[in-house]
Amino acid sequence: MENKYRHTNTTVSLINYHFVFWPRYRRKIFLISNVEKRFKELVKIKCKELEIEIIAIECDKDHSHMFLNCPTALSPSGIMQQIKGYTSKILREEFVELSKMPGLWTRSYFVSTAGNVCSETIKKVCRKSEKENIISESEVNIMVSFIVEFPLKTEKYQEDILNKRFETGRRIYNSLVNVTQKRYKEMIKTKRYRTLLSSLSESEKSDKEIWKQINDMRKQYNMSEYSFHEDVKQMQRHFKDNIDSFTSQKIATALWKSYDRLFHGNGRKVYYKKYGELNSLEGKSNKTGIRIINDTLVWNGLKIPVLIDYDNHYECQAMQCDICYNRIVRKYVRNKYKFYVQVVFKGNPPVKVDAETGEIKHCIGNGDVGLDIGTRTIAISSQSDVKILELADRVQNIENQKQKILRGMDRSRRATNPDNYNEDGTVKKQGNKKVRWNKSNHYIRYQNELKELYRKQADIRKYQHECLANYIISLGNRVYVEKMNFAGLQKRAKNTEKNDKGKYKKKKRFGKSLANKAPSMLLTIIDRKLNYFGEKLTEINTSEAKASQFNHFDGTYTKKTLSQRWNDLNGIKIQRDMYSAFLIMNISDDLKSFDIDKCNGRFENFYRLHNLEVDRLTGKNNLSSIAI
């Protein structure tokens, strides 16, 4: 039955409801064999009992759509209560994978009325393709988390207390650095430790026993996370009115992560935190320490209201999830500190729903997507779209503004501290003594301007990357990209070289471009979003695949200079980056070579979409690397 009026003795009605609701923790229960089939059977039984006609009912991995024609006597909340309660009880009884869950569904749901006009549209939304994969109980119960940030409604005295606690946390961190550095320096002085490090090779099997000895030696010198927790316990008791034991342990864990990076070659040294540098403190659970209770942040005598917008569907849905732990964040915005709480929830994030149409935003697509990412641009190739875009194009080049502020800071510092400079303008060396600098009000104002400049750029960059990541995953669920070493591209060139004219080449490489465009951040965001759908970003072998050199027509590899931005493929002109993205999209299962059959079968569609993208960019002020 669809769009037929109901007639009673006193009413004539057409009430169509579109419902969307989710399992607890957004578990992917509909990927378990036969759960979807049994769920639909139970819904039909309950709807028949309630005299509800089902127009459409479909399930995705972790949510369900229902489009129902309902009698006037039933409210949306009553319908949801009946269907959720009935299906939850029986499904948990019949399926072992669901039996351990205390309740199957969350308390919240989305509902919209459609009437006669939109029923066909929403019925299309409810349709979906058949699922290909079945997952096991262990895969269903993998715990994931997401973060939602809420502003705090602070009074002046509460801000002073929070600032004091951030400073206390910084001092605890630095004291811990002091203690651990002494042990670390004693450890690296020993001949045995240096011998073990020098005996490491690149073979995992032969290094396994050596790493075991190294780790044992680190434990002997109390260089472990557990030892750091014991150290911080002695310090925390002096500040227990401000910092609780769980928060102090997380401070110790943050320091341990720095040492972990140092031990495994990803860090140079462990640094102290300067005044004002520690801007976040977090707890370990929502049961003690930093807690959220009845929309209020509670922490060691402080009670601060949390500003939650329950009219916002995303925030309302998030607050129904269980809380892992909370983090207090301090941000310097427009010359003053503002305070926020970042709540880490269990499960997948709620879906965002268009309030007007009921459609789910940011759905994942189906198919292969190839990405060719550079320092400033990204080329995207899929079967439905081909694009080449500038990364974070709204992030402005702030070098001129930055230089102007830095010059002002330098002038102010020289005028305020004349005794710290030699006659030639260089800073006086004072031996082992630390050089003391006095900061004038002008200097502090310039400092704050620079902070604000960096903050705005970071916010714009992150927002644009989030939007671009949503677009990319909407094109397909299998996303491929070349493995990139962005850290290597940041470093200055080691060798001094001359160009054809005999002038020395600059040793600067791509440091500023990478800082402004942050391509690595974009890849991290894409991978995070894919993980919510049980997928991941796949990196191909760059050195063996050689996407920039390959020609799929004849299977040959041809080296090209960076200035050569167009490929000539048997007389067909193709933009280099877009063609690389096309090849990456058609990578073989070994991630080292390209699937020629896929390339040949998809090239005609790619070439058509490629020409449309070239037409779109023609006449615009594009980057020189795009070469259009």
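Before any of the text, the structure's been laid out above.
Residues numbered from 1 in each chain as written. Predicted model: local features only at pLDDT ≥ 70, side-chain atom pairs only at ≥ 80, totals over all residues. Heavy atoms only, no water.

(A) Seen up close, the overall build of the chain. Tallying secondary structure elements over the chain gives 18 helices and 22 strands in all. Seen through its C-alpha atoms, the chain measures out along the principal axes to roughly 100 × 75 × 55 Å. The buried share of the chain, reckoned over its 628 residues, is 45%. By element, 47% of the accessible surface of the chain is carried by carbon and sulfur atoms, the whole surface being about 35600 Å². Each charge class in the chain was averaged separately, 115 positive and 75 negative side chains, and the resulting centres sit 8 Å apart. (Helix = DSSP H or I, 4+ residues; strand = E, 2+ residues; numbered from the N terminus. Buried < 20%, exposed > 50% of the residue type's maximum accessible area, 1.4 Å probe, protein only. Areas by Shrake-Rupley, 256 points an atom, 1.4 Å probe, with all protein chains shown as cover. Lys, Arg positive; Asp, Glu negative; His and termini not counted. Charge placed at Lys NZ, Arg CZ, Asp CG, Glu CD.)

(B) Examining the packing of helix H12 (residues 441–475) against helix H15 (residues 519–531) more closely. Between H12 and H15, the least distance of the axes is 9 Å, while the angle of their chain directions is 50°. When the axis of H12 is compared with that of H15, the two are oblique. Read as a crossing pair, H12 and H15 show a hand that is right-handed. Mapping the contact onto sequence places Lys 462, His 465, Glu 466, Leu 468, Ala 469, Asn 470, Ile 472 and Ile 473 in H12 and Met 521, Leu 522, Ile 525, Ile 526, Arg 528, Lys 529 and Leu 530 in H15. Among the residues forming the contact of H12 with H15, the class breakdown is nine nonpolar, two polar and four charged. (Axes fitted to C-alpha atoms, helices over the stretch in contact; angles between N-to-C directions. Parallel < 35°, antiparallel > 145°, perpendicular 65-115°, else oblique. Left-handed = near helix turned anticlockwise from the far one by under 90°. Contact = heavy atoms within 4.5 Å. Nonpolar A, V, L, I, M, F, W, Y, C, P; charged D, E, K, R; others polar.)

(C) Examining the sheet that holds strand E8 (residues 280–282) more closely. Sheet architecture is open: four strands sit in the order E7-E13-E12-E8, paired in antiparallel fashion. Edge strands, defined here as strands with exactly one partner in the open sheet, are strand E7 (145–151) and E8. Going from strand to strand, the sheet's axes swing by 20° on average, the running direction of each strand aside. One ladder, built from three bridges, connects E8 with strand E12 (residues 323–333); its direction is antiparallel. Residue pairing across strands places Ser 280 opposite Val 329, the latter belonging to E12. The strands touched by H12 within the sheet are E12 and strand E13 (336–346), with E12 carrying the most contacts at an inclination of about 130°. (Pairing = 2+ DSSP bridges.)

(D) Summary view of the pattern of salt bridges. Taken as a whole, this structure holds 32 salt bridges when the rule is applied. Here Lys 40 ties to Glu 36 by a salt bridge, and the two come within 3.0 Å at their closest N and O atoms. Taken together, the positions of Lys 40 and Glu 36, both in helix H1 (residues 35–49) and four residues apart, correspond to about one turn of that helix. For Lys 40, a relative accessible area of 18% corresponds to the buried category. We classify Glu 36 as buried; its relative accessible area is 14%. (Salt bridge = Lys/Arg side-chain N within 4 Å of Asp/Glu carboxyl O.)

(E) The pairing of strand E6 (residues 110–113), seen in detail. Residues Phe 110 and Ser 112 of E6 are buried on one face, while the alternating residues Val 111 and Thr 113, pointing to the opposite face, are not. Both strand E3 (residues 16–21) and E6 contribute to a ladder of four bridges, which runs antiparallel. Pairing of Phe 19 across the sheet is with Val 111, part of E6.

(F) Quick peek at the nonpolar core. The biggest cluster of nonpolar side chains holds 50 residues, and the ones touching the most others in it are Phe 150, Tyr 259, Leu 297 and Phe 345. If you tally residues by element for this core, the top one is helix H5 (residues 156–189), at eight residues. Apart from residues no more than four positions distant in its own chain, Tyr 259 is found in contact with Val 177, Thr 180, Gln 181, Tyr 184, Met 223, Phe 228 and Val 270. Ranked by size, the runner-up nonpolar core spans 28 residues in total, among them Ile 32, Phe 39, Leu 50 and Leu 98. (Core = buried A, V, L, I, M, F, W, Y, C linked by side-chain atoms within 4.5 Å.)

(G) Fine view of empty space enclosed by the protein. Summed over all chains, the structure comprises one cavity of 30 Å³ or more. One number sums up the size of the largest cavity: a volume of about 30 Å³. Lining the largest cavity, in full, are Pro 23, Tyr 25, Arg 26, Thr 106, Gln 317, Cys 321, Asn 348, Pro 349 and Pro 350. Of the residues assigned to the lining of the largest cavity, the class counts are five nonpolar, three polar and one charged. (1 Å grid on protein atoms, 1.4 Å probe; cavity = no way out; pocket = protein on both sides within 12 Å on 5 of 7 lines; lining within 4 Å. Points joined across faces, edges and corners; volume = space filled by probe spheres on them.)

(H) Molecular detail of helix H18 (residues 596–617). For H18, with 22 residues, the first-to-last C-alpha span of 29 Å sits near the 32 Å given by 1.5 Å per residue. The sharpest bend along H18 measures roughly 50° and falls at Phe 603. For H18, the full list of buried residues reads Cys 599, Arg 602, Phe 603, Phe 606, Leu 609, His 610, Glu 613, Val 614 and Leu 617. In this structure, the buried side of H18 is in contact with strand E14 (368–373), strand E15 (377–382), strand E16 (386–390), strand E21 (566–569), strand E22 (572–575) and helix H17 (576–585). Between a side-chain oxygen at the N-terminus of H18 and the backbone nitrogen of Asp 597 the separation is 3.1 Å; the capping residue is Asp 595. Looking one or two residues past H18, Gly 619 carries a phi angle of roughly 90°, positive in sign. (Expected span 1.5 Å × (residues − 1). Bend = angle between axes of the 7 residues up to and from the residue. Polar contact = N/O pair within 3.5 Å; in protein donor to acceptor, adjacent residues only side chain to side chain.)

(I) Highlighting a positive patch on the surface. Together, Lys 274, Lys 434, Arg 436, Lys 439 and Lys 451 make up a positively charged patch on the protein surface. For Arg 436, the position within the fold is in the loop between helix H11 (399–416) and H12. Note on Arg 436: relative accessible area 64%, which makes it exposed. (Patch = residues over 30% accessible without salt bridge, like charges linked within 9 Å, V, L, I, M, F, W, Y side chains within 5 Å.)

(J) Representation of the environment of Arg 268 within the structure. Locating Arg 268 in the fold gives a position in the loop between helix H9 (245–263) and E8. Sequence separation between Arg 268 and Ser 258 is 10 residues, and the spatial gap between their C-alpha atoms is 9.6 Å.

(K) Inspection of the pairing of strand E17 (residues 478–482) at higher detail. In terms of residue burial, E17 counts as a mostly covered element, since four of its five residues are buried. Bridging between E14 and E17 involves four bridges; their strand directions are parallel. Its bridge partner lying in E17, Asp 368 is registered against Arg 478. Across three bridges, the pairing between E17 and strand E18 (residues 538–540) is parallel. Bridge assignment links Glu 482 to a residue of E18, and that residue is Ile 540.

(L) Main features of the sheet that holds E14. The strand order E16-E15-E14-E17-E18 describes an open sheet built from five strands, whose pairing is mixed. Each edge of the open sheet carries a strand with a single partner, namely E16 and E18. For this sheet the average axis-to-axis angle between neighbouring strands, irrespective of direction, equals 25°. Sheet strands in contact with H12 are E14, E15, E16 and E17, and its direction is about 20° off that of E15. Sitting on the sheet, H15 touches E14, E15 and E17, and the angle it makes with E14 is about 165°.

(M) Just the state of the cysteines, in detail. Enumeration according to the criterion identifies zero disulfides in this entry. Its sulfur unpaired, Cys 316 is 11 Å from the next cysteine sulfur, which belongs to Cys 321. Using a relative accessible area of 23% as the deciding quantity, one classes Cys 316 as partly exposed. (Disulfide = S-S within 2.5 Å.)

Just distances and angles here, no functional claims.
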